[in-house]
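Tertiary structure, described
Take a look at the letters that make up each chain.
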Amino acid sequence: MIRAWIVSTGSFVPERILTNDDLKSLVDTSDEWIMERTGIRERRIADKTEAASDLAYGAAKAALKSADLKARDLDLIIVATVSGDMLLPSTACILQDRLNAKKAAAFDVNAACSGFIYGLSVANAYIKSKLFKRVLVVGAEILSKFTDWEDRTTCVLFGDGAGAAILEATAEEKGILSAKIHSDGSMWDLLQTPGGGSRKPASRETIRRRLHFIKMKGNETFKVAVRTLENLVTETLDENNLKPSQLSLLIPHQANLRIIKATAERLKLPLERVMINIDRYGNTSAASVPIALDEAVKAGRVKEGDHILLEAFGGGVTWASALIKW
Ligand code: UT7
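Along each chain, residue indices are assigned from 1 in the same order as the chain's sequence is written. Local features are withheld for residues below a pLDDT of 70 in this predicted model, meaning they are given only at 70 or higher, and side-chain atom pairs are given and counted only at 80 or more; totals for whole chains, interfaces and linings count all residues. Side-chain metrics rest on all non-hydrogen atoms present in the structure, leaving aside hydrogens and water.

1. Thoughts on helix H8 (residues 218-239)
Given 3.6 residues per turn, any residue in an α-helix points the same way as the ones three and four places further on. Secondary structure elements follow DSSP: runs of H or I no shorter than four residues count as helices, runs of E no shorter than two count as strands, and numbering proceeds from the N terminus. Each helix should span, by expectation, one fewer than its residue count multiplied by 1.5 Å. With 22 residues, H8 ought to run about 32 Å at 1.5 Å a step, and its terminal C-alpha atoms sit 31 Å apart, in line with that. By the burial criterion, the buried members of H8 are Thr221, Val224, Ala225, Val226, Thr228, Leu229, Glu230, Leu232, Val233, Thr236 and Leu237. Backbone geometry just downstream of H8 places Asn241 in the positive-phi region, at approximately 50°. Burial status follows relative accessibility: with a 1.4 Å probe on protein chains alone, a residue under 20% of its type maximum counts as buried, one over 50% as exposed, and anything between as partly exposed.

2. Details of the side chain of Thr91
Mapped onto the elements, Thr91 comes out in helix H4 (residues 91-99). Exposure remark for Thr91: the relative accessible area of 0% places this residue in the buried category. Sequence-distant contacts of Thr91, that is, excluding residues within four places in its chain, are made with Ala52, Ser53, Val79, Thr81, Gly84, Asp85 and Asp108. Between two residues, a contact is recorded if the distance between any of their heavy atoms is within 4.5 Å.

3. Describing the pattern of salt bridges
For salt bridges, the criterion is a side-chain nitrogen of Lys or Arg within 4 Å of an Asp or Glu carboxyl oxygen. In the structure shown here, the tally under the stated rule is 17 salt bridges. Ionic pairing is found between Asp21 and Lys24, a salt bridge with its closest N-O pair at 3.2 Å. Owing to a relative accessible area of 43%, Asp21 belongs among the partly exposed residues under this scheme. With its nearest N and O atoms 3.1 Å apart, the salt bridge here joins Lys217 to Asp189. Of this pair, Lys217 sits in the loop between strand E10 (215-216) and H8 while Asp189 sits in the loop between strand E8 (175-183) and strand E9 (191-192), placing them 28 residues apart in sequence. Assessed through its relative accessible area of 37%, Lys217 is described here as partly exposed.

4. Quick notes on the site of the ligand
Taken together, 23 residues are adjacent to the ligand, and Thr29, Arg37, Asn219, Asn256 and Asn283 come closest. Nitrogen and oxygen atoms within 3.5 Å of one another constitute a polar contact, given that in protein one can donate a hydrogen and the other can accept it, and given that sequence-neighbouring residues count only through two side-chain atoms. The separation between a nitrogen atom of the ligand and a polar side-chain atom of Thr29 is 2.7 Å. His253 places a polar side-chain atom, nitrogen or oxygen, 2.9 Å from an oxygen atom of the ligand. Note on areas: Shrake-Rupley with a 1.4 Å probe; residue coverage comes only from the protein chains shown. In isolation the ligand offers 960 Å² of accessible surface; the protein chains occlude 74% of this area. When residues of the shell around the ligand are assigned to their parent elements, the largest contribution, four residues, is made by H8. Think of it as three bins: nonpolar holds Ala, Val, Leu, Ile, Met, Phe, Trp, Tyr, Cys and Pro, charged holds Asp, Glu, Lys and Arg, and polar takes everything else, Gly as well. Taken together, the residues of the shell around the ligand break down into nine nonpolar, ten polar and four charged. Segmentation into domains, and thus their bounds, comes from an automatic or database assignment. Looking at which domains feed residues into the shell around the ligand, each of domain 1 (3-172) and domain 2 (177-325) gives three or more. For each residue, the test is whether any non-hydrogen atom lies within 4 Å of the molecule or strand; if one does, the residue is near.

5. A short note on the environment of Ile45
Structurally, Ile45 is set in the loop between strand E3 (42-44) and helix H3 (52-67). Considering only alpha carbons, one finds Ile45 and Asp97, 52 residues apart in sequence, at a separation of 25 Å. Once you skip the residues sitting within four places of it in the chain, Ile45 turns out to touch Pro14, Arg16, Leu18, Ser144, Trp149 and Asp160.

6. A few points about the sheet that holds strand E11 (residues 249-252)
The pairing criterion for strands is at least two bridges between them, as found by DSSP. Read from one edge of the open sheet, four strands run E8-E13-E12-E11, paired in mixed fashion. The open sheet has two free edges, formed respectively by E8 and E11, since each of these has just one partner strand. Averaged over all pairs of adjacent strands, the angle between their axes in this sheet comes to 10°, without regard to strand direction. Here E11 runs beside strand E12 (residues 307-314); their pairing, made up of four bridges, is parallel. Residue pairing for E12: Ile251 is matched across the bridge by Leu310. Convention adopted: a line fitted to C-alpha atoms gives each axis, helices being fitted over their contacting stretch, and angles between N-to-C directions are expressed from 0 to 180 degrees. Relative to E11, helix H11 (residues 288-298) is tilted by about 150°, and along the sheet it contacts E11 and E12.

7. Some words on the packing of H8 against helix H9 (residues 257-266)
Helix-helix packing is described using two parameters, namely the angle between the two axes and the distance between the axes. Close contact between H8 and H9 brings their axes to 9 Å; oriented N to C, the two are set at 30°. Relative to H9, H8 is oriented roughly parallel. Where H8 crosses over H9, the two elements pack in a sense that is right-handed. Residue-level inspection shows Phe222, Ala225, Val226, Leu229, Glu230, Asn231, Val233 and Thr234 of H8 in contact with H9, the latter providing Arg258, Ile259, Ala262, Thr263 and Arg266. We call two directions roughly parallel when the angle between them is under 35 degrees, roughly antiparallel when it is over 145, roughly perpendicular when it lies between 65 and 115, and oblique otherwise. Two helices that cross are described as forming a left-handed crossing if the nearer one is turned anticlockwise from the farther one by less than a right angle, and a right-handed crossing if clockwise.

8. Some points on the domain arrangement of the protein chain
Examined at the domain level, the protein chain breaks down into domain 1 (3-172) and domain 2 (177-325). For domain 1 versus domain 2, the distance between C-alpha centres works out to 14 Å. Put simply, buried area is the surface a 1.4 Å probe can reach on two separate parts but cannot reach once they are joined, added for both. Buried area between domain 1 and domain 2, both sides added, is near 3,700 Å², and the carbon and sulfur share of it is 63%. Looking only at domain 1, the three residues that lose the most surface to domain 2 are Cys113, Ile117 and Tyr118, adding up to 19% of its buried area. On the surface where domain 1 and domain 2 come into contact, there are three salt bridges. The interface formed by domain 1 and domain 2 includes 20 residue pairs in polar contact (both at pLDDT 80 or more). Elements that contribute at least two residues to the side of domain 1 that touches domain 2 include exactly strand E1 (3-12), helix H2 (31-38), E3, helix H5 (115-128), strand E6 (134-142) and strand E7 (160-170). Here the element with the most residues in the side of domain 1 that touches domain 2 is H5; it accounts for seven residues. Grouping the constituent residues of the side of domain 1 that touches domain 2 by class yields 20 nonpolar, 16 polar and eleven charged.

Structure representation (structure tokens):
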């Protein structure tokens, strides 16, 4: 049987660090509130000139280097993002040009924070069907450019960054064992950037009403996320006849430390077997899972033969999991 396995990973984050104390000069908040409610201590913020494809490029180059591959070896590039360089063209095409990946097809996936795992599932399907042999999947976000820095309920949460993985076909007993994607569009209004699309095209009025910034019904989203992720992780393991005790590492989307802990508790997983970096990066949406994966690999927390579980929940609403034998 042909499977898709992850040959290499890479990540890239902007240099500038914004701490909770820095945010106190922008909105009425405190380090205590942010730490207690979210687990975030600091986040990375891109500079004025940087766009999502620049961060994607950094992560993609790192993944290519680590696999000792050239961009021309890629058959397909998928970029998961909700903060792409432009509405048109796709960030994946801009990245393809920058990498000079002449042979590759390229397109974006929009599944908000679940985007990277959605991208993995698409790559997995292409590889298993033998249409493509080698796929680059990137999660890249610059949410800071869509953040309302006057809204304390959202501006303390998000950060910028990118993570990447290169997948290849293998006949060995390893790689993606299952990639599950789900959505429930009836909750599309929980998380949205209302202005600048075809519903409310950019105008003086949309800007005056701050509609080009991300809006989130935080508390509602929190409740749905906890419930959905608890079911998702137990279902994914059950379907693959794995017990939580056989899981070496859980790599969750980093939206809120309380959500991460609730999922770990449901699986009775000690926190040593959960990858957590939300304290340093905040919520980087589609970039959060691949950055965490890359850090786990670099830190030697993922070894050959290990079972690892990636999971995420995001706007749409969408949710997704990938169970991988490393
Ligand atoms: O990544 C995609 C999916 N996203 C998520 O899963 C995120 C889900 N949501 C969350 O993580 C949490 O809901 C938040 C961290 C956004 C908010 O935490 P919460 O425990 O749900 O707080 P809340 O929205 O119920 O607000 C509690 C209080 C409010 O004050 P009142 O009305 O009780 O007086 C807020 O105004 O906290 C206040 N508040 C703040 N206070 C200080 C909200 N933001 C802040 C802030 N600093 N930054």
